[in-house]
Each structure stands twice: as C-alpha cells, then as structure tokens.
Amino acid sequence: MDMFCVKAPAKINLFLRITGKRPDGYHDLYSLMCPLALYDVLTLTLGGKEVGIVCDHPGVPEDASNLAARSARLFLETMFAGNTPPVSGLTIHIEKNIPVGAGLGGGSSDAAAVLTALNDHFGQPLSTPALMALAARIGADVPFFIFGAPALVTGIGDRLDPFPHLTPWTALLVYPNEVVSTAWVYKNLNLRLTKDEKKLSKFNFDGRILNVDEHLVNDLESVTERAFPVIKRIKRLLLAHGAAGAMMSGSGSTVFGLFANSERAISARTALCNNQQSKNWTLYVADLLI
Ligand code: ATP
C-alpha cells in the first residue's frame, strides 16, 4: 500500500488591500503573501474506493466538504476522466497544527499539498501552471500554496508574481481562539469605492521594498475588529513587546508581530504568556519562508 507524508505551511498576508468588487460578488485584491514555517502534516494512504479524511481537530470536517478531500477527488477525476484510475480512493490523515478559521490559510494549504503530492506520485502529469489552475477551482488562496513562495497576489487571488525582496523576519502569531468566517467578513466589508481608491493611491508601495512601518495594512482588519475587539488589544501588546510591526492576517482572527530574529520573538512570547489577558490565546513563533 502506498503511503506518503507531506507538509502544508501556513501563510500570512503582509498587506491586504481590497481594490474592488466584481459583479459576481468576488473581490479584487492586492496582497503580499508569505508562507510560514508552521505546518499541518498530511499522510496520504492510497487504496479503497472512496476519499476519506481522518482528523481529530473538532473544527475540521471529516466529510466530502474537507478541502483536502475535494482536491483529491478533483485531481483523480481530472487525471483519469473516462479511464479506469489506477487508484479510486485514498485516506488523508491531517495532523492539524495550523489554527482553523484563523486567516492563516490552513484549509487551502492542505488542499494544495494534496494536489502537489498526488501530482508528484503520478509522475507530474500536470505542469505547475496547470496544477495552479486546478487549485483555483478549490479556492482563491489555493494557487498561492502551489506556488509556495512569497508572492504579490492580484485578481481574486489567482494572479501571482514572485516577490523575492523580503528580508528575514520571525513572526509571533497570536490566535485568540476566535473562529472567523471569511465569507462573513467580506459580506460586512463596506466598499466605499471613492474613499478606498483614495486610500490606495496613498499606499506608496514600489513593488520591491516592504516598509513595515508603512505597508502593514489590512483592509479587512476593521471589519473583524468590530466583532472581535481583542484583535486591537493583541496588536498593541505585540508592538509594546518590541514587534517592528503588527497586523491581522487575512480575515483574522490571528494577529502577527514581526521580529528581527527568533530570540526577540521568543522573549515577546514569554512576556505575552505572562499577561493575564492571554490565557485563552495560542501563541506560535514561526520564521517567514522567504
Ligand atoms: P481562509 O482565509 O482561506 O478562509 P482560514 O485560515 O481563515 O482560511 P481555514 O483554517 O482554512 O480558515 O478553515 C476555514 C473553514 O474551512 C473551517 O471552518 C473548516 O470548516 C473548513 N475546512 C475544510 N477543510 C479544511 C481543512 N483541511 N482544514 C481546515 N479547515 C477546513
């Protein structure tokens, strides 16, 4: 029986600007995304007739709606359409280390890891662009995880340009144990276009140099913050404990602080752990994968 393990990294958005809304309801964005050294671990075992998921995290569905299961089915259907596939089923065990509903893209990363692992297993029948096109059918963030490196992301999240200019940072992630629905955040985003266009024109990013004082801007932050004021408190604490910059990732609820090295991030983590407010929070120290 074939069995193999793959790692699925988390991501943060170093900035996330919403540039408009399409007639089909999707939003156009401009974002700098970076993978992080915080991983789910997936074990794929080929065999059986169905795609099954095993995961002991209560927030992760074990049915057909799991993004890893959807990816596996899509890959097998696409690759072996009309032919008898060499395998019709597999079991995917997910060791969930990335917090769920946290703006860290865990589900999307699991999906991308399954697509890449199956493509590799079958001798890479799909090129990277073809795999990214398949990934886009699962979700807007999935192509980024196939790409797997810092990228400037535009369109609805489907256009990616490599961003090789990041300097090394260590992130201290604070997950306040609040699950945020991305769909809810976008629904509550009030796009006053003229105001947003003005804001965007003030966003002096030259496409190369990320200035953490100026560019850590997330247009979804104020929406999530209204429902979860803890986000503002975490940002203040991260900055008070030496973060060069702090921001909510994606639609939240995780807030990250950027530190020059892991020693500084670890001592900030110790300080935050001693804080009374943090007893329900989960903290992670993870390097940006640049
Ligand atoms: P996004 O910003 O892409 O919505 P997120 O990081 O905020 O991502 P995820 O952890 O990816 O959120 O999970 C969002 C929802 O997706 C969960 O509430 C869960 O029900 C569902 N889901 C489906 N498959 C998975 C998976 N493999 N891992 C985690 N969640 C999954």
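Residues take numbers from 1 onward in each chain, read along the sequence in its written order. It should be noted that, the model being predicted, local features are given only for residues of pLDDT at least 70 and side-chain atom pairs only at 80 or more, the latter also being counted only at that level, while totals for whole chains, interfaces and linings use all residues. As a rule here, side-chain values come from all non-hydrogen atoms in the structure, and water together with hydrogens is ignored.

(A) Seen up close, the pattern of salt bridges. By salt bridge we mean one thing: a side-chain nitrogen of Lys or Arg within 4 Å of a carboxyl oxygen of Asp or Glu. One pass over the structure, following the stated rule, counts six salt bridges. The partner of Asp219 in a salt bridge is Arg17, with the nearest N and O atoms 3.1 Å apart. Here Asp219, found in the loop between helix H7 (212-215) and helix H8 (221-227), pairs with Arg17, found in strand S1 (residues 3-21); they are 202 residues apart in sequence, far enough to count as distant. Exposure categories follow from relative accessible area, calculated using a 1.4 Å probe and restricted to protein chains: below 20% of the type maximum is buried, above 50% is exposed, and the middle band is partly exposed. For Asp219, a relative accessible area of 11% translates into the label buried. Overall, the relative accessible area of 3% leaves Arg17 in the buried class. In this structure, the salt-bridge partner of Lys96 is Asp110, at a minimum N-O distance of 2.9 Å. Each helix is a run of H or I in the DSSP string that is no shorter than four residues. Each strand is a run of E no shorter than two, and both are numbered from the N terminus.

(B) Just the sheet that holds strand S8 (residues 245-248), in detail. Only strands joined by at least two bridges in the DSSP assignment are considered to pair. Taking strand neighbours across the sheet as the criterion, the four strands line up as S8-S9-S7-S10 in an open arrangement whose pairing is antiparallel. Edge positions in the sheet fall to S8 and strand S10 (282-287), since each of these pairs with one other strand and no more. Pairs of neighbouring strands in the sheet enclose a mean axial angle of 20 degrees, with direction left out of account. By the bridge criterion, six bridges tie strand S7 (residues 170-175) to S10 in an arrangement that is antiparallel. Bridge pairing links Val174 to Leu283 in S10. Contacts from helix H9 (residues 230-240) reach S7, S8 and strand S9 (255-259), with the element oriented near 10 degrees to S9. Only C-alpha atoms enter the line fits that serve as axes; for helices the fit covers just the stretch in contact. Angles between N-to-C directions range over 0 to 180 degrees. Contacts are residue-level and defined by heavy atoms, with any inter-residue pair within 4.5 Å sufficient.

(C) Molecular detail of the packing of helix H1 (residues 67-79) against helix H2 (residues 106-121). Where H1 meets H2, the closest approach of the two axes is 8 Å, and the angle between their N-to-C directions is 30 degrees. Classified by the angle between their axes, H1 and H2 sit roughly parallel to one another. Remark: the crossing between H1 and H2 carries right-handed chirality. Judged by residue contacts, Leu67, Ala68, Ser71, Ala72 and Phe75 of H1 engage Gly107, Ser108, Asp110, Ala111, Val114, Leu115, Leu118 and Asn119 from H2. In this classification, Asp, Glu, Lys and Arg are treated as charged, Ala, Val, Leu, Ile, Met, Phe, Trp, Tyr, Cys and Pro as nonpolar, and every other residue, Gly included, as polar. Its residues placed into classes, the contact of H1 with H2 shows eight nonpolar, four polar and one charged. Here is the rule for angles: anything less than 35 degrees is roughly parallel, anything more than 145 is roughly antiparallel, 65 through 115 is roughly perpendicular, and the remaining ranges are oblique. Crossing handedness: left-handed means the near helix sits turned counterclockwise from the far one by under a right angle, and right-handed means the same turn made clockwise.

(D) Expanded view of a negative patch on the surface. Surface patches are defined over residues having more than 30% relative accessible area and no salt bridge, joining like charges when they lie within 9 Å and nonpolar side chains (Val, Leu, Ile, Met, Phe, Trp, Tyr) when within 5 Å. With residues, only the protein chains shown are counted as cover, and all accessible areas are computed by Shrake-Rupley using a 1.4 Å probe. Residues scored as charged are limited to Lys and Arg (positive) and Asp and Glu (negative), so that His and the chain ends carry no count. Here the site of a charge means NZ on Lys, CZ on Arg, CG on Asp, or CD on Glu. A cluster of acidic side chains, namely Asp56, Glu62, Asp63 and Glu95, defines a negative patch on the protein surface. Tracing the backbone shows Asp63 in the loop between strand S3 (51-54) and H1.

(E) Local environment of unusual backbone geometry. With an omega of 15 degrees, the peptide bond running from Gly252 to Ser253 counts as cis. If you trace the backbone, Ser253 turns up in the loop between S8 and S9. Despite not being glycine, Gln124 has its phi angle at roughly 55 degrees, a positive value. Tracing the backbone through its elements, the reader meets Gln124 in the loop between H2 and helix H3 (128-136).

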